[in-house]
Amino acid sequence: MVRSILSWLVPFGSGTMRKNPALTLVSFFFHGFVILTPVFLHAHNVLWYESWGIQWWSLPEGTADLLTVFVIAACGFFLIRRIMVPEVREVTKPSDFALLALVVLPFVFGFLAYHGWGPYRPMLILHVLSGEVLLVVIPFSRLGHMLLFAFGRAQIGREIAPSAGVLRQRSHG
Amino acid sequence: MNNRVYFIFFLAWIGCFLFHPGGQHGVEAQEETYYIAHEEVFGKLQRPPVTLPHNLHMESLEQDGDGCGACHHLYDADRGALVPADGEETGCTECHGRTKEGNIVGLENAYHGSCNRCHRTRIKQKNASGPTTCGGCHKKQ
């Protein structure tokens, strides 16, 4: 089970990942940056400091800007993949598009607000609102894999791992 | 003759640009507007500098019975507290450096703390107030 969790955390660690190198790379960096960018964004740190008096490391603004562009582009990639790849389209529900939109919108509005593109206050308010909606939705949707990934992976790893099956048979037999 | 007069006016006009008090980090001069940049502290700036309408702040604070000490403070070692610096105003960089030193918060947090806190308080009091968002102060020129 632990080996299954670990091999799915490392790029190309699992067989499924080795079959889709482009998806693997985009997905790996997307998952890293989608967490790193908001947590270490300087503007967010300023707010943490003002509200709670706590402060940690900040990304340079230029770097955070690039990571944001990557996250938005990766979401575009996922969207195109859902539409274009037949076996993915087959298992896609409308809610999958909605979840993808929920993830990308805070980044889009944050990006627009930071660059001062469009009216600033509406962009900032939309950034905050879409971020709040996203945070609220996480525990009630598939986005819960942010926190629950390891448990789901452990369960699947346990079910399909040959060694685990042998051990179970032995213990039963 | 006329040409010479024009030329002198022209030189005077150029002189206005050359010798006009820049006031980028001016402390002594009472400028109408200050540009808070402090590249000497922060190095290369990550956000646009902040424009501070100093006169507007003075007038507004005076109207509400506050003095210059609302922003300009000094540390009173005897009382162990910040006291208004009415009459002894200095610039923030006199004490505040890039990072926190002892009890003295870093320059960035000092600015954010002073400006934002006051703006928020004044909004709650339904007084005329200033920006409270990142881009409200850090405006691209």
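Computed from a prediction, not measured in an experiment: that's the story for all the values here.

Student: When you look at the nonpolar core in this model, what are you seeing that I'm missing?
Tutor: Nonpolar side chains in soluble globular proteins tend to be buried together. Residues and elements named next belong to chain A. If you look at the biggest cluster of nonpolar residues, it comprises 19 residues, and the most contacted ones within it are Phe-30, Val-34, Val-71, Cys-75, Phe-78, Val-103 and Leu-143. Where this core is concerned, the elements lending two or more residues are helix H3 (21–39), helix H5 (61–84) and helix H7 (94–115). For this core, the leading source of residues is H7, giving six residues. Counting residues in each nonpolar core, the second largest holds five residues, with Phe-109, Ala-113, Tyr-120 and Leu-124 among its members.

Student: Help me understand the interface of chain B and chain A, please; the structure alone is not making it clear to me.
Tutor: Often, the extent of an interface is quoted as the loss of accessible area upon association of its parts. Residue-level contacts link 13 residues of chain B with 13 residues of chain A. Of the roughly 1100 Å² buried between chain B and chain A on both sides combined, carbon and sulfur atoms contribute 44%. Looking at the side of chain B facing chain A, the largest losses of area belong to Gln-46, Arg-47 and Asn-109 of chain B, adding up to 40% of the total buried there. Taken together, the links from chain B to chain A amount to two salt bridges. Our enumeration of links across chain B and chain A arrives at seven residue pairs in polar contact (both at pLDDT 80 or more). Looking at the side of chain B that touches chain A, the elements with two or more residues in it are helix H4 (107–124) and helix H5 (134–137) of chain B. Its residues placed into classes, the side of chain B that touches chain A shows two nonpolar, seven polar and four charged.

Rules of the game
- Residues numbered from 1 in each chain as written.
- Chains lettered and ligands numbered in written order.
- Predicted model: local features only at pLDDT ≥ 70, side-chain atom pairs only at ≥ 80, totals over all residues.
- Heavy atoms only, no water.
- Core = buried A, V, L, I, M, F, W, Y, C linked by side-chain atoms within 4.5 Å.
- Buried < 20%, exposed > 50% of the residue type's maximum accessible area, 1.4 Å probe, protein only.
- Helix = DSSP H or I, 4+ residues; strand = E, 2+ residues; numbered from the N terminus.
- Contact = heavy atoms within 4.5 Å.
- Buried area = accessible area lost by both parts, 1.4 Å probe.
- Salt bridge = Lys/Arg side-chain N within 4 Å of Asp/Glu carboxyl O.
- Polar contact = N/O pair within 3.5 Å; in protein donor to acceptor, adjacent residues only side chain to side chain.
- Nonpolar A, V, L, I, M, F, W, Y, C, P; charged D, E, K, R; others polar.

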